Amino acid sequence: MMSSAQLMAAPAITQNPPEIDYWLLSPMLVVFGAAVIGVLIEAFVPTARRRAVQLGLALAAVGAAFVLTILITGSLPEGEAGVGVAFGSVAVDPVSVFLQGTVLVLGFISLLLIAENRSGESAFAAQAAAVPGSEEEREHVMAGSQHTEVYPLVLFALLGMQLFPAAGDFLTMFVALEVMSLPLYLLCGLARRRRLFSQEAAVKYFLLGSFSSAFFLFGIAMIYGYAGSVSFAEVAAAVDEGGGPLFPDGGGRPLLLLGIGMVAVGLLFKVGAVPFHNWKPDVYQGAPTPITALMASCTLVAAFGALLRVFYVPFGPSAADWAPMLWVVAVLTMVVAAVIAVTQRDIKRLLAYSSVVHAGFVLTAVVAASPEGLAGAMFYLAAYGFTTIGAFAVVTLVRTHENGPEANELSQWAGLGRTSPLLAGSLALFLLAFAGIPLTSGFIGKFAVFEAAMAAGATPLVVVGVLSSAVTAFFYVRIIVLMFFTEPAEGGPIVVRAGAFTGSAIAIGVAATFLLGVFPSPVLDNLVPQPGQQQSESLLSAVEGER
Amino acid sequence: MAVSEITLAAEQHVTAVTSQASGAVLSNAWLLIAFPLVGAAILLLGGRRTDSWGHWLGTALPLASFGWAVAALFEILAAAPEERSFAVPVYTWFSAGGFDAEVGLLLDPLSISFALLITGVGSLIHIYSVGYMAHDERRRRFFAYLNLFVAAMLVLVLADNFVLLFLGWEGVGLASYLLIGFWQHKDSAAVAAKKAFLVNRVGDMGLLIAVMIMFTTFGTVAFSGVFDAVGQAGAGTVTAIGLLLLLGACGKSAQLPLQSWLLDAMEGPTPVSALIHAATMVTAGVYLIVRAGPVFEAAPAAQATVAVVGAATLLAGAVIGCAKDDIKKALAGSTMSQIGYMTLAAGLGPIGYAAAIAHLITHGFFKAGLFLGAGSVMHGMNDEVDMRRYGGLRKAMPVTFATFGLGYLAIIGFPLLSGWWTKEGIIEAAFASGGSVGIGLGVAALVGAGLTAFYMTRVMILTFFGERRWAEDAHPHESPRSMTAPMIVLAAGSVVLGAVLVFGYRFAHFLEPAVGAPEEAHEFHLAAMFTSPSSLAALGMLVVGAAVAWFMYGRREVPATAPEPGPVTAFARNELYGNALNEGLLMRPGQAVTAALSAFDTKVVDGLVNGVGTSVRDSSRGLRGAQTGFARTYALTMLFGAAIVVATLAVRF
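This one's a predicted model, so the numbers in the text were calculated from it and none came from an experiment.

## Regarding the overall build of chain B
Part 1 of the reasoning: What chain B contains, in helices and strands, is 26 helices and 3 strands.
Part 2 of the reasoning: In summary, chain B has a C-alpha radius of gyration of 28 Å against a globular reference of 26 Å for 653 residues, a match within 12%.
Part 3 of the reasoning: On the principal axes, the C-alpha backbone points of chain B span a range of 105 × 60 × 50 Å.
Part 4 of the reasoning: Within chain B, the proportion of its 653 residues that are buried is 55%.
Part 5 of the reasoning: For chain B, restricting intrachain contacts to residue pairs at least 6 apart in sequence, the fraction spanning at least 24 positions comes to 81%.
Part 6 of the reasoning: Carbon and sulfur atoms make up 67% of the accessible area of chain B, which amounts to about 25300 Å² in all.
Part 7 of the reasoning: If the 37 positive side-chain charges of chain B are averaged to one point and the 41 negative ones to another, these points end up 10 Å apart.

## Concerning the interface of chain B and chain A
Part 1 of the reasoning: Facing the 36 residues of chain B at the interface are 52 residues of chain A.
Part 2 of the reasoning: In total, chain B and chain A occlude about 3700 Å² of area from one another, counting both sides; carbon and sulfur atoms represent 72% of this.
Part 3 of the reasoning: Contact with chain A buries area across many residues of chain B, yet Trp93(B), Met638(B) and Leu649(B) alone supply 19% of it, more than any other trio.
Part 4 of the reasoning: Scanning the region where chain B abuts chain A turns up 0 salt bridges.
Part 5 of the reasoning: Counting across the chain B and chain A interface gives 2 residue pairs in polar contact (both at pLDDT 80 or more).
Part 6 of the reasoning: Among the secondary structure elements, those contributing two or more residues to the side of chain B that touches chain A are β2 (85-96), α25 (578-624) and α26 (631-650) of chain B.
Part 7 of the reasoning: Each residue belonging to the side of chain B that touches chain A can be placed in one class, and the counts come to 20 nonpolar, 12 polar and 4 charged.

## Structural notes on the packing of helix α5 (residues 139-158) of chain B against helix α12 (residues 284-291) of chain B
Residue and element names in this part refer to chain B.
Part 1 of the reasoning: For the pair α5 and α12, interaxial distance at closest approach is 10 Å and the crossing angle is 15 degrees. Classed by the angle they form, the pair α5 and α12 counts as roughly parallel. Seen from above, α5 lies across α12 with left-handed handedness. Along the contact surface, α5 presents Met 153, Leu 156 and Val 157, while α12 presents Ala 284, Tyr 287 and Arg 291.
Part 2 of the reasoning: Of the residues that constitute the contact of α5 with α12, the class distribution is 5 nonpolar, no polar and 1 charged.

## Thoughts on the packing of aromatic side chains
Part 1 of the reasoning: Taken as a whole and assessed by the stated rule, the structure comprises 35 aromatic pairs over all chains.
Part 2 of the reasoning: Measuring from centroid to centroid gives 6.0 Å for Phe311(A) and Phe315(A), while their planes differ by 70 degrees, and the two rings are edge-to-face. Across the pair, Phe315(A) and Phe311(A) agree in class, each one buried.
Part 3 of the reasoning: Pairing Phe162(B) with Phe223(B) gives two aromatic rings, centres 4.8 Å apart and planes at 85 degrees, and the pair type is edge-to-face. Here Phe162(B), found in helix α6 (residues 162-180), pairs with Phe223(B), found in helix α8 (residues 223-229); they are 61 residues apart in sequence, far enough to count as distant. Of the two residues, Phe162(B) and Phe223(B), neither departs from the other in class, the shared state being buried.
Part 4 of the reasoning: Ring pairing ties together the aromatic residues Tyr185(A), Tyr205(A), Phe206(A), Phe269(A), Trp279(A), Tyr284(A) and Phe392(A), which thus form one cluster.

## Considerations on the confidence of the model for chain B
Residue and element names in this part refer to chain B.
Part 1 of the reasoning: Chain-level pLDDT for chain B is 82 on average; 93% of the residues reach the 70-or-more range.
Part 2 of the reasoning: By mean pLDDT, helix α24 (residues 567-573) is the weakest element of chain B at 69, and α12 is the strongest at 91.
Part 3 of the reasoning: Residue range residues 1-15 is modelled with pLDDT below 50. Its contacts to residues more than four positions away, or to other chains, number 40 contacts.
Part 4 of the reasoning: This prediction of the complex comes with two scores: 0.74 for pTM and 0.87 for ipTM.

## Focus: the side chain of Thr292(A)
Residue and element names in this part refer to chain A.
Part 1 of the reasoning: The residue Thr 292 is located in helix α13 (residues 289-312) in this model.
Part 2 of the reasoning: Looking at Thr 292, the relative accessible area reads 0%, which means it is buried.
Part 3 of the reasoning: If we ignore the near neighbours within four places in the chain, the residues touching Thr 292 are Tyr 284, Ala 287, Lys 348 and Phe 392.

## A short note on a nonpolar patch on the surface
Part 1 of the reasoning: Side chains of Val593(B), Leu597(B), Phe600(B), Val604(B), Leu608(B) and Val609(B) sit close together on the surface and give an oily, nonpolar patch of about 570 Å² of accessible area.
Part 2 of the reasoning: Structurally, Val609(B) can be placed in helix α25.

## Brief notes about the packing of helix α16 (residues 350-380) of chain B against helix α18 (residues 418-432) of chain B
Residues and elements named next belong to chain B.
Part 1 of the reasoning: With their axes 9 Å apart at the nearest point, α16 and α18 run at an angle of 155 degrees to one another. Judged on the interaxial angle alone, α18 and α16 are roughly antiparallel. Handedness of the α16/α18 crossing: left-handed. Judged by residue contacts, Ile 351, Gly 352, Ala 355, Ala 358, His 359, Thr 362 and Phe 366 of α16 engage Ser 418, Gly 419, Thr 422, Lys 423, Gly 425, Ile 426, Ala 429 and Ala 432 from α18.
Part 2 of the reasoning: Looking at the contact of α16 with α18 residue by residue, the class counts come to 7 nonpolar, 7 polar and 1 charged.

Criteria and thresholds
Residues numbered from 1 in each chain as written. Chains lettered and ligands numbered in written order. Predicted model: local features only at pLDDT ≥ 70, side-chain atom pairs only at ≥ 80, totals over all residues. Heavy atoms only, no water. Helix = DSSP H or I, 4+ residues; strand = E, 2+ residues; numbered from the N terminus. Rg over C-alpha atoms; globule rule 2.2 N^0.38 Å. Buried < 20%, exposed > 50% of the residue type's maximum accessible area, 1.4 Å probe, protein only. Contact = heavy atoms within 4.5 Å. Areas by Shrake-Rupley, 256 points an atom, 1.4 Å probe, with all protein chains shown as cover. Lys, Arg positive; Asp, Glu negative; His and termini not counted. Charge placed at Lys NZ, Arg CZ, Asp CG, Glu CD. Buried area = accessible area lost by both parts, 1.4 Å probe. Salt bridge = Lys/Arg side-chain N within 4 Å of Asp/Glu carboxyl O. Polar contact = N/O pair within 3.5 Å; in protein donor to acceptor, adjacent residues only side chain to side chain. Nonpolar A, V, L, I, M, F, W, Y, C, P; charged D, E, K, R; others polar. Axes fitted to C-alpha atoms, helices over the stretch in contact; angles between N-to-C directions. Parallel < 35°, antiparallel > 145°, perpendicular 65-115°, else oblique. Left-handed = near helix turned anticlockwise from the far one by under 90°. Phe/Tyr/Trp six-rings, centres within 6.5 Å; stacked < 30°, edge-to-face > 60°. pLDDT = per-residue confidence, 0-100. Patch = residues over 30% accessible without salt bridge, like charges linked within 9 Å, V, L, I, M, F, W, Y side chains within 5 Å.

Here you go:
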């Protein structure tokens, strides 16, 4: 077996070009191709038609990629966990396929929200380069300029999100992380209103994101130093043997532990676990709401996918080492975020903290380090994704006045249930799902992750989780009470009529939240390994690669 | 983990082998429930768009359920008698780890009998309502609620476990609440709805606690699991479960001491009184007791209590029925009394189960017919309900008179009509149960028969015979065809159904796989039905009761206002002071306790809760301080976080 170091040095790669299974990579290639074409469209298609072309291309690409993802499930080899493509740098296995499919569906819905264009006014700045409040900005607004670059940017981000949980080695994962993050940094700064605020959020996100990427990269260096490879399979083998080829007599544990810690920091930042969560409320609040929806759903799915892969495959054999660390982080996340959320007065900040708490719940399943934990986490992520997009879609519709900015101040929402029962009812369903009330997807998700954690002996963690749920239920229900049992305030917000795009995003959210709550078996049964089926972390391939 | 091993699914039935449903009709039995449920959803969500055709959809869907139930009956009959119990798994809600939450139906002779009654009589009442509610602008909503009721009631009787049964139980409670208060602009209707809801809560709590005890004792709530394990539990536990189930049954079926809501419930539209408060929902308690037969078999004390409650209620209801001038309230008292008969029979064990259910079904027909008749009279009399303002209506409303009359003959037990066959069965079973208790119960049933004859004859005479005592603007007229047709069908049932069920103990044998057979089998002798002492005595009571009523109301002039009552009449007219009793014994002390608890709550509990709440809020404010908005602070936090992460890992070094 060749080590990666030799592999990289060898010129053999140019003499014997490796065979790459492009079919298995096709979902990513389609999205990538569409993103590149999208850039060209900016250059060659007349302004008037750009939005329609870009949107059509983006939706078609994401839809086609989803169909391909479904088709690929059929061509996964029977009895094996998965396939490593392109030197094992991309793992195609049930987990990555499920997460990619989830990212694509949620990305599709987010695109609908992003595309919403109410009387020529989107959620994005007319001209991001213009100084906020300047004459130039005013001219662009009057001229009805639009940033259609948003669509290729979203496609690039989605490409990164597809690759992130499917990476087969640390370097690919790092590249995916950056491909995913860079477009998001930009998109966050494009809000149409309160632009300085939005730009501030983007810069903060960028600075802190770079900081965490640095941790991640240093961590990779440590791991490479320990195992002599960045491939997940070889790192796993090295960890299993208690020392890689560089430490044939054992040893090197400080390198490994330090590496685990620093890689963990990078990933925990992306999922927004406490104490790496500070960016979330600021960025969620400042970013254009459709982008917030994209981040709250797709980014969370992708980031947790990567986290699960890293902790289950390369670091899997040393679960005893990292489990206590994740215990601490999970408890901190569930407690601190729930407590801070209680006094939030802004709906977007509240949903941001709620997202942090949910990350804590998913972490309890990661701690379980079992197939059930993996399945529970994946179900939870998919269920939460649909619900959270729906919730943010509702936020986009509640405005201070016609053609005004969003009314994000919670006190303004009083009595919304009286004036717009359907909208408030949808939001109430989403909030109940967040709270984990039976017959919503949130209940099944919580049950699955807590059950897995219990089975793995993490009962104290589950107790903290349940208590934290109780605290979160308080502020979710408070919003429902505010909407339905409080008199509408004078000059309260108005609800703009949902366009076809936003309307379908909410409808899909409601349907998924309800269906996954009442009829979860078709999804859940495919994730949970049935008794007698191949056990272990078989869903995740520790891919050897085609060497 | 103990929780993981729980299964809600039916695996095996006590009395018969439960087989997996294979036929197309039975295995899709969920459609029975789905039809009316879809109707309710369309009518409620569709809004005004469905106003013009909603009531036809609302009528068609219960009819579809009825058709499905008939087909299911034939599929059940096609199986050998001992294999007529079918488990129909509907779906697995979810299974996580070792925990399976399954939803399943049980179709056996008992549940299919109920399904047929609910959908059959239910459909007739839907048809009747098309005419009866024609002038109500909220008719669509009415049909939506009726459909909701039918769906919930079917869930109740088809469930294969106590949790699903409880879901249906609450569902019918909700539908009943919505329909009693349907004319919510009337204060009395709103208050009556609230009262029904509150009184039922007491009973529901009993059922809920019973289910919880079953769950903790047996680890399952499936009928099969509970009934199989009931022998191993302690006598005290089983008796407690039995008594709590009885409490639940008393609430739903308006048995003493939870009877007070039923008379007020007559504030609802008359089709509601016929369907929910006469034919189906109020009999759910009897269903519960018969279904939970194995529990009561293991708890003789609870079973005896059931019989005694039934006997007491049958007398109390009859006495109330004697004194009411409001035609619907008189019939409501009668309903209480008749359900008392069924409860009595259900408290006798297997010997009485078939008799109870047979009477329940014939009662469903003749009582629904009587209520629809009363509704028809009210319809023609400008919604007048006071029988002292009726009189001589037989000529103005010939069809109503004829159908009401047949229902009347059936309920008083006129020989060879439906009520006679099934009531005789109960009286006979009471005497046959033996001992002084059996004689006491039998005598109560006989006295009840006399009272029934009295109050029903009174209703009949006051309404259809004698002088016209109508209000000046009353122009009584026969009701439209859509109303009379269901009345005719129900009247036909009141005449022949009893014979069909009882002749040759056909129905009893049909039910045996579900409820078990009595220890000593009785042969059916038609002659004995006429010549046995109990039957002769019942006939005598009938004649006496009817004759007394004739002398009191047929011979004498009926005053337009009720005369000053004597102590006995006042006692009956005030519903045996049940409301005063509730008020004095429960409401006032309840209010005092509530006030005390509320004080305790505000000072101590709220103090604690608020203390927790305040400390959470304060710590929240404190923690928010860390969210400064400065990127440098955030980066520092991350650095500290990284230090924590590395430190927790370093411990492993």
